[in-house]
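In case you want the letters, here they are:
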Amino acid sequence: MKSEKFIEYLSWTATVMSILMYVSYIPQIIDNLSGSKGNPLQPLVAAVNCGLWVLYGLIKEDRDIPLATANFPGIVFGLVTFLTAI
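A quick note: this is a predicted structure, and the numbers were derived from the prediction, not measured.

A. Region of interest: the packing of helix α3 (residues 41-59) against helix α4 (residues 65-85). Two numbers describe how α3 lies on α4: the axes approach to 7 Å, and their chain directions differ by 155°. Viewed along their axes, α3 and α4 adopt a mutual orientation that is roughly antiparallel. Classified by chirality, the crossing of α4 by α3 is left-handed. Here P43, L44, A47, C50, G51, W53, V54, Y56, G57 and L58 of α3 come into contact with α4, specifically with I65, L67, A68, N71, F72, G74, I75, G78, L79, T81 and F82. When grouped by side-chain class, the residues that make up the contact of α3 with α4 number 15 nonpolar, six polar and no charged.

Below, the structure written as structure tokens:
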């Protein structure tokens, strides 16, 4: 039982950290909009990668909602960062 509780705690902690990682794109988005454009490749690749993980988490037989939740912001923030950088 302790192991299962630890795995659940670890899963949700990783989910929160993943969301924070993608929210950290906000300063780059602001810089992009201010005219100091960053490289668009990394956020585009991150958005595609996150899209694949969200799809995987939702279509597998035993859905992995924390995985999908953790990666969804990466799609949004990655695409916004990419679009503002081009």
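B. Structural detail: the nonpolar core. Counting eight residues, the largest nonpolar core is built from Y22, Y25, I29, A46, C50, V54, A68 and I75. Listed by contribution, the elements that provide at least two residues to this core are α3 and α4. The contact partners of A68, leaving out residues within four places of it in the chain, are V54 and L58.

Each value, and the rule that gives it
Counting starts from 1 at the beginning of each chain's written sequence and moves along it residue by residue. For this predicted model, a pLDDT threshold of at least 70 governs which residues receive local features, and a threshold of 80 or more governs which side-chain atom pairs are given and counted, while totals over whole chains, interfaces and linings are taken from all residues. The basis for every side-chain value is the complete set of non-hydrogen atoms in the structure, without hydrogens or water. Axes here refer to lines fitted to C-alpha atoms; in helices the fit is confined to the stretch in contact. Angles between the N-to-C directions go from 0 to 180 degrees. A run of H or I in DSSP becomes a helix once it reaches four residues, and a run of E becomes a strand once it reaches two; helices and strands are each numbered from the N terminus. Roughly parallel refers to an angle under 35 degrees, roughly antiparallel to one over 145, roughly perpendicular to one between 65 and 115, and oblique to any angle outside these ranges. Crossings are classed by handedness, with left-handed meaning an anticlockwise turn of the near helix from the far one by less than a right angle and right-handed meaning a clockwise turn. Whether two residues are in contact is decided by their heavy atoms, any of which lying within 4.5 Å being enough. Any residue outside Ala, Val, Leu, Ile, Met, Phe, Trp, Tyr, Cys, Pro, Asp, Glu, Lys and Arg is labelled polar, Gly included; the first ten of those are nonpolar and the last four are charged. By convention a nonpolar core is built from buried Ala, Val, Leu, Ile, Met, Phe, Trp, Tyr and Cys residues, the set being connected through side-chain atoms within 4.5 Å. Exposure classes here rest on a 1.4 Å probe applied to the protein chains alone. A residue is buried below 20% of its type maximum, exposed above 50%, and partly exposed in between.

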